[in-house]
Amino acid sequence: MDYKGIRVLVLDGFGRQVPAILKELHDLGCVITTLNDRKLDVGYSSRYPDKRIVEHGIRDDVDLLARVIERELKSGNYDVFLPMVEKSTDILTRMVEEGKTGDVKVIVAPRQAFLKAYDKEATMRICQENGLPCPRTKMDDATMDEYLAKVKFPLACKPRKGSGAAGFKKVNSKEELLDYIEKGVIEVEKYVIQEYIPQTDYRYGSRVMLDKNHKVIYDVTVQSCRSFPIDGGPGCYIRTINRPDINAYAEKLLQAMDWVGFAHVSFIMDPRDWTPKVIEINGRIPASIKICTIVGAQPVKTMLDLVYDQELKPMVKPIPEKIALRYFHTDILWFLKSPNRFKAKPSWFNFRHNNDYIWSWRDPLPFFTYSIEHIQTYKKDMAERKH
């Protein structure tokens, strides 16, 4: 199908996945509008949008964001909505389920599948029910004493809803856990409590697209070679890798959830038994979506094909290995903070076959506005990710 002239609203213009999305929409001939929180947002500074909307406060105020989304849905100005982050995706999956999106096509997973992915405990339960490897996790139907009797410290505690490393706590003893709970730092009903996987090896992630029959269209698996913060933050250097076992786990999990559309399944390699274990599913568009474009998966076109009921043809050519994507803003911080800066494999100084999450010679300004924006918020971002 020819998407020239299709009117697309790209939400969450502050996301670092936005430049790659805008580039592919532009190349498809779409008429692009971005919804931004500030003029420094990459969705505002990019050369590709035909129109830019600024609504101060939508990044943090969910109620305001919902009102703005509803207003734009009723405007009649768009054919397609494309959310980037969890908040807007959550709002739009609910609106789709309630029949409030009218004739506008919305690129999101089914509501019930998204909710299972959004809740990390629900994801872990599905893994356990389907024999998929995952960290041993406390479930709602188990008491704390019952759970602690089956595991050893340290434990990992993180918000049930959310992404990245925000709110993560490594807990080294029962006394420390109970102290966190008593002080309200960890709210048991809002947190996932699970065994801590020693972070001595790589993390992995599968970026998977499934059609309406849950058939896999493509699966781009990457190895996360460096993270920031260095003790367990989001990846700042990833590269493609051939791991059929990880592909199989990710695909089985998403099919068990009746998933339709794009998803990102995260794994951590457990050095105790050398098994990749499911950590979470991101039901939103990940920051690393650009890696799918680079290897030829055409993620945005495939998403549009899905909502316009076009036949999706599985990607047949093999995914090339060792194609790298670098998040320079945190990779340079990794270099400054890591004691392994000169021992990293691959070398930090190796720029061959490297691409950047944001930088583009054809659209350079977002790299600089993103830099300015995140210099201003660096201390806040690091405080949220402090373990």
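J.: Kindly report on the overall build of the protein chain, identifying the contributing residues and their values.
T.: Helix and strand counts for the protein chain come out as 14 helices and 15 strands. Against the 2.2 N^0.38 benchmark of 21 Å for 387 residues, the protein chain shows a C-alpha radius of gyration of 20 Å, consistent with a compact globule. Seen through its principal axes, the protein chain has C-alpha atoms that stretch 60 × 50 × 45 Å. The buried share of the protein chain, reckoned over its 387 residues, is 56%. Of all intrachain contacts in the protein chain linking residues separated by at least 6 positions in sequence, the fraction that spans at least 24 positions is 65%. Approximately 17,600 Å² of the protein chain is accessible, and the part contributed by carbon and sulfur atoms is 51%. Measuring between centres, the 60 positive side-chain charges of the protein chain sit 5 Å from its 53 negative side-chain charges.

J.: Tell me about the nonpolar core, and please be specific about residues and values.
T.: With 56 residues, the main nonpolar core has V10, I21, L25, C30 and L304 as its most contacted residues. Contacts of C30, omitting those with residues within four sequence positions, involve Y3, G5, I6, V8, L25, D50 and L304. A109, L210, I246 and F267 belong to the second largest nonpolar core, which has 25 residues in total.

J.: Which residues make up the sheet that holds strand β8 (residues 191–195), and what values go with them?
T.: Strands pair in a sheet through their backbones, by hydrogen bonds, and they do so in one of two ways: parallel or antiparallel. Across the sheet, which stays open at both edges, the three strands sit in the order β7-β6-β8 with antiparallel pairing between neighbours. The open sheet is flanked by β7 (169–171) and β8, the only strands paired with a single partner. Adjacent strand axes in the sheet meet at a mean angle of 25 degrees when their direction is disregarded. As paired elements, strand β6 (residues 155–159) and β8 share five bridges and run antiparallel to each other. Bridging across to β8, P159 finds its partner in Y191. Contacting β6, β7 and β8, helix α8 (residues 174–183) runs over the sheet at an angle of about 135 degrees to β7.

Parameters and conventions
Residues numbered from 1 in each chain as written. Predicted model: local features only at pLDDT ≥ 70, side-chain atom pairs only at ≥ 80, totals over all residues. Heavy atoms only, no water. Helix = DSSP H or I, 4+ residues; strand = E, 2+ residues; numbered from the N terminus. Rg over C-alpha atoms; globule rule 2.2 N^0.38 Å. Buried < 20%, exposed > 50% of the residue type's maximum accessible area, 1.4 Å probe, protein only. Contact = heavy atoms within 4.5 Å. Areas by Shrake-Rupley, 256 points an atom, 1.4 Å probe, with all protein chains shown as cover. Lys, Arg positive; Asp, Glu negative; His and termini not counted. Charge placed at Lys NZ, Arg CZ, Asp CG, Glu CD. Core = buried A, V, L, I, M, F, W, Y, C linked by side-chain atoms within 4.5 Å. Pairing = 2+ DSSP bridges. Axes fitted to C-alpha atoms, helices over the stretch in contact; angles between N-to-C directions.

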